[in-house]
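# Observations on the three-dimensional arrangement
This is what each chain is made of:
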Amino acid sequence: MTVDAKIELPVIEFRSSDLERGTNGWHQLCKKVREACETFGCFEVVYDTISTEVREEMFRLMKELVEVPVERKQKNVLPPPSPGWVGPGSHVSPLYEGFGLGDVSNYDSVKNFAQLMWPEGHPRFCDTAHTMGTQLEVLNKLIWLMLIDSYGLGDDSLKMNYTTFMRMMKYMPPPPGENEIGFFAHTDKLVSTLICENQIPGLEIEVNDGQWIRMTNLSPSSFVFVVGDALMAWSNGRLKAAKHRVLIKGDKDRFSMAAFILPNKGTIIKIPKELIDEQHPRIFKDLDFMEFYSLAFSDPTKSRDSGQLLHKFAALSPPVSN
Ligand SMILES: O=C(O)CCC(=O)C(=O)O
Ligand SMILES: [Fe+2]
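Residues numbered from 1 in each chain as written. Chains lettered and ligands numbered in written order. Predicted model: local features only at pLDDT ≥ 70, side-chain atom pairs only at ≥ 80, totals over all residues. Heavy atoms only, no water.

Here we come to the coordination of the iron ion (ligand 2). Those protein atoms acting as donors to the iron ion (ligand 2) are His186 (NE2), Asp188 (OD) and His244 (NE2), and they sit at 2.1 to 2.2 Å. Sequence spacing of the donors to the iron ion (ligand 2): H-x1-D-x55-H. Its relative accessible area of 7% is what places His186 among the buried residues. (Donors = N, O, S within 2.8 Å, 3.2 Å for Na, K, Ca; no water. Buried < 20%, exposed > 50% of the residue type's maximum accessible area, 1.4 Å probe, protein only.)

This part takes up the site of ligand 1. Taken together, 13 residues surround ligand 1, and among them Arg167, Tyr171, His244, Arg254 and Ser256 come closest. A distance of 3.0 Å is found between an oxygen atom of ligand 1 and a side-chain nitrogen or oxygen belonging to Arg167. Within the side chain of His244, one N or O atom sits 3.0 Å away from an oxygen atom of ligand 1. Burial of ligand 1 by the protein chains amounts to 99% of its free accessible area of 300 Å². (Near = heavy atom within 4 Å. Polar contact = N/O pair within 3.5 Å; in protein donor to acceptor, adjacent residues only side chain to side chain. Areas by Shrake-Rupley, 256 points an atom, 1.4 Å probe, with all protein chains shown as cover.)

The next thing to look at is the packing of aromatic side chains. If you walk through the whole model with that rule in mind, you get 13 aromatic pairs. A ring pair is formed by Phe14 and Tyr47, whose centres lie 6.4 Å apart and whose planes are at 90°; its orientation type is edge-to-face. Separated by 33 residues along the polypeptide, Phe14 in the loop between β1 (11-13) and α1 (24-39) and Tyr47 in the loop between β2 (42-46) and α2 (52-65) bring together distant segments of the chain. Classification of Phe14 by relative accessible area gives buried; the value is 3%. Since its relative accessible area comes to 4%, Tyr47 is described here as buried. Residues Phe165 and Phe260 carry aromatic rings whose centres are separated by 6.2 Å and whose planes lie at 50° to one another, so their mutual orientation is tilted. With Phe165 in strand β5 (residues 162-171) and Phe260 in strand β12 (residues 254-263), this pair connects stretches of sequence that are 95 residues apart. By relative accessible area, Phe260 is classed as buried at 5%. An aromatic cluster is present here, built from Phe14, Phe43, Tyr47 and Phe225 joined pairwise through their rings. (Phe/Tyr/Trp six-rings, centres within 6.5 Å; stacked < 30°, edge-to-face > 60°. Helix = DSSP H or I, 4+ residues; strand = E, 2+ residues; numbered from the N terminus.)

Attention now moves to the pattern of salt bridges. Under the counting rule described, the total for this entry stands at 21 salt bridges. Among the ionic pairs, Arg21 bridges to Asp149, the shortest N-O distance being 2.9 Å. Of this pair, Arg21 sits in the loop between β1 and α1 while Asp149 sits in helix α5 (residues 123-150); the two residues are 128 residues apart in sequence, bridging distant segments of the chain. A relative accessible area of 37% means that Arg21 is categorised as partly exposed. Measuring nitrogen to oxygen at the nearest pair gives 3.8 Å for the salt bridge that ties Asp253 to Lys170. With a gap of 83 residues between them, Asp253 in the loop between β11 (244-248) and β12 and Lys170 in strand β5 connect regions that are remote in the sequence. The class for Asp253 is partly exposed, based on a relative accessible area of 31%. (Salt bridge = Lys/Arg side-chain N within 4 Å of Asp/Glu carboxyl O.)

This paragraph deals with the side chain of Lys170. Residue classification places Lys170 among the buried positions, given a relative accessible area of 14%. In this structure, Lys170 is in contact with Val66, Leu95, Tyr96, Glu97, Asp253, Arg254 and Phe255, ignoring residues within four places of it in sequence. (Contact = heavy atoms within 4.5 Å.)

A separate point is the packing of helix α4 (residues 107-117) against α5. How two helices pack is summed up by the angle between their axes together with the distance between the axes. Orientation of α4 relative to α5, taken along the N-to-C sense of each, is 135°, at an axis distance of 9 Å. Between α4 and α5, the angle is such that the two are oblique. As α4 packs across α5, the resulting crossing turns out to be right-handed. Taking contact as the criterion, the partners of Tyr107, Val110, Lys111, Phe113 and Ala114 in α4 are, on α5, Pro123, Phe125, Cys126, Asp127, Ala129 and His130. Residues belonging to the contact of α4 with α5 are distributed by class as follows: eight nonpolar, one polar and two charged. (Axes fitted to C-alpha atoms, helices over the stretch in contact; angles between N-to-C directions. Parallel < 35°, antiparallel > 145°, perpendicular 65-115°, else oblique. Left-handed = near helix turned anticlockwise from the far one by under 90°. Nonpolar A, V, L, I, M, F, W, Y, C, P; charged D, E, K, R; others polar.)

It is worth spelling out the environment of Leu101 at this point. Summarising the element assignment, Leu101 is placed in strand β4 (residues 96-101). Judged by relative accessible area, which is 1%, Leu101 ranks as buried. Sequence separation between Leu101 and Ile271 is 170 residues; the distance between their C-alpha atoms is 29 Å. Not counting the four nearest positions on each side in its chain, Leu101 is found in contact with Leu78, Ser109, Val110, Phe113, Phe125, Thr164, Phe165, Met166 and Met168.

Another aspect to go through is helix α7 (residues 289-296). One turn of the α-helix equals 3.6 residues, which is why residues spaced by three or four share an orientation. Along α7, the residues that are buried comprise Phe289, Met290, Phe292, Tyr293 and Ala296. An end-on view of α7 places all buried positions within 160° of arc, on one side of the element. Against α6 (229-234), β12, β13 (268-269), β15 (287-288), α8 (300-303) and α9 (308-314) lie the buried residues of α7. (Arc of directions from axis to C-beta.)

Structure (structure tokens):
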């Protein structure tokens, strides 16, 4: 009988001294980020530029948010296909509740959301969610830049107009002694995601077809970067879109937030020509992002998809080498 060596997901520390583009430290980081995204489609990033105070405050505010009356939660309706409020017992899972907040780095957008939840206003929520969203957007940009540099591409090769879509989530504990799926297995349909949790584990990543690795012991300054289907398409399949799920155990509520990069309507994702050659023939057509995204969320069964939908939608058969 062979025993698999325990697979550990990469943990990459972003020390501020290494974040200057072009330095040795920067190039080392670029290499690690690329390897992690090609092998696993995700990694834990330790990044203390986002303070633990802001994070903790955000989780405290999310506890307030879930206490808002349902009639107000239901008012959070977003332009389709983005989900607004998803209550417990929805298609996601009986334990899950999620709030979508579009364009979180835009203060007015956060204020509009807060006004629906707390008609008397909630400046503390607005400031904290806006700060968090803006800083996550910066971190995401940094990771994109590392990917571009790791492939030796020009700055324009991963450029698009987008907004950052934030989802704030609560997972209730399952019955004592049981494990339950809090979020079904899927790949993210957007470009990339940064996830942050309240130190209660639950996120699991699939490696080697069927082997799930649980992300435990994340540091209080850690985020999880996840490659989405659209970034996988951009990279001509070199970066892996991580299949992930949330499995809930124990007796504590789990809170998490995710910042997704959502390209604007009309964005066409094109593979940079440098990523197409004889060894890497082109496997995807140019991707009209919003068409794909709308299809993916057109019904709940499609959103359960783990990457096949993108292949059906945009794969070239056979691949072409120019
Ligand atoms: O709650 C989490 O940790 C992950 C949620 C997730 O995968 C998603 O919202 O797409
Ligand atoms: Fe996800």
